[in-house]
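Secondary and tertiary structure notes
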Amino acid sequence: MATIGAFFFIFFTLLFSNIITSQPIPKFTSILVFGDSTVDTGNNNHILTIFKGNHPPYGKDYPNHSPTGRFSNGKLVPDILALLLKLKKNGVPPYMQPDLPANELLTGICFASAGSGYDELTTTISGAIPMRKQLDYFKEYLKKIKEVVGEWEAERIVNGALVIVSAGTNDFIFNFYDLPKRRLQFSLSKYQDFLLDKLQNFVKELYDLGCRSIIVNGLPPIGCLPIQMTAKSPLLRTCIKKENFDAQLYNQKLEHLLLQLQAHLPGSKILYVDSYSRVSDLINNPQEYGFEEIKRGCCGSGLLEAGPLCTRLSPLCSDPSQYIFFDSIHPTESTYYKITDYLLKDLLQKFSSINSP
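In this report, the structure presented in the accompanying data block is examined. (Residues numbered from 1 in each chain as written. Predicted model: local features only at pLDDT ≥ 70, side-chain atom pairs only at ≥ 80, totals over all residues. Heavy atoms only, no water.)

Focus on the state of the cysteines
What the rule picks out here adds up to three disulfides. One disulfide in the model links cysteine 299 with cysteine 310; its S-S distance is 2.1 Å. An S-S torsion of about 120 degrees defines the bridge between cysteine 299 and cysteine 310 as right-handed. On the criterion of sequence distance, the pair formed by cysteine 299 in the loop between helix H11 (275-284) and helix H12 (333-347) and cysteine 310 in the loop between H11 and H12 is long-range, its members being 11 residues apart. No difference in accessibility class separates cysteine 299 from cysteine 310, as the two residues are buried. Sequence-ordered numbering of the bonded cysteines in the protein chain yields a pairing of 1-2, 3-6, 4-5. No disulfide involves cysteine 110; its sulfur sits 14 Å from that of cysteine 211, the nearest cysteine. Assessed through its relative accessible area of 0%, cysteine 110 is described here as buried. (Disulfide = S-S within 2.5 Å. Helix = DSSP H or I, 4+ residues; strand = E, 2+ residues; numbered from the N terminus. Buried < 20%, exposed > 50% of the residue type's maximum accessible area, 1.4 Å probe, protein only.)

Put into structure tokens, the structure is as follows:
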């Protein structure tokens, strides 16, 4: 297994290195990450919540086979991007990790928290770090790097950073679909607008704090998550069309909103990440991408296990690289590599106009 994992790591690293050298990827000074478990590199290890990934089998294919708090068998998209953009060698560290050396702060940091969302109600359920608090930590971070390199250099680092924002799925699952508290207050369309208003304020504050190059992840096909199929289509195990349609509608609104935001924030480049289409393509054409299992995760039965239910006692599939999902919610490292491929080839080129040396 270790040999297979090493092969895939070397193969993908060489592949993406070729992409970088053959296409004009802009230079970034740093990578800054906000959001939920799709991008949390270990912040939840240091807070009081049951949403933790710091135990086996998580991290089984991470360097040293270490469970770091990432909800996957290996690296997440920010880790892969930071490596291939030559910002980091060992992934993006979590801000909550104690005693981080100054050089780690300067080249990239993660504020994301598994279980978080744009709606404050989401984190009252999960105990995660709210998006609002993630911004507070970012302000604290700014003060720290100013003390290290001075105000002018700190401003240059933040202006030139690639900022990743990835959240929203938990808001719908926790508050509208599975625990429908918000459904008592909002129609679906109104709840989408409620979340997008919060997202808009979040991006504006990032801009006010100096961020200029921002990518915002849309919703994945929520109805194709194994846990959602288990809850609503346990026998047929087909994707929940209504939840997928809702996600597509939200994404259309998000893409339009980001275009408007960019037009009103001078010098910014704010791009929509179409993760819905990327993941849907993997699910609809698995063999084309080297996958075999699309309806269950690698951990345990693959139907329900995630977080505290995916443990060292859970049986594990023999080859996670053939699975789109590692647990019943979160993708495998192989899936994250496919998403990174899209980011490098189709999206990050658009930053060249403001980040070229």
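Describing the pattern of salt bridges
Taken as a whole and assessed by the stated rule, the structure comprises 14 salt bridges. In this structure, the salt-bridge partner of glutamate 120 is lysine 198, at a minimum N-O distance of 3.1 Å. Placement of the pair is glutamate 120 in helix H4 (residues 120-126) and lysine 198 in helix H8 (residues 188-208), with a sequence separation of 78 residues. Exposure remark for lysine 198: the relative accessible area of 22% places this residue in the partly exposed category. (Salt bridge = Lys/Arg side-chain N within 4 Å of Asp/Glu carboxyl O.)

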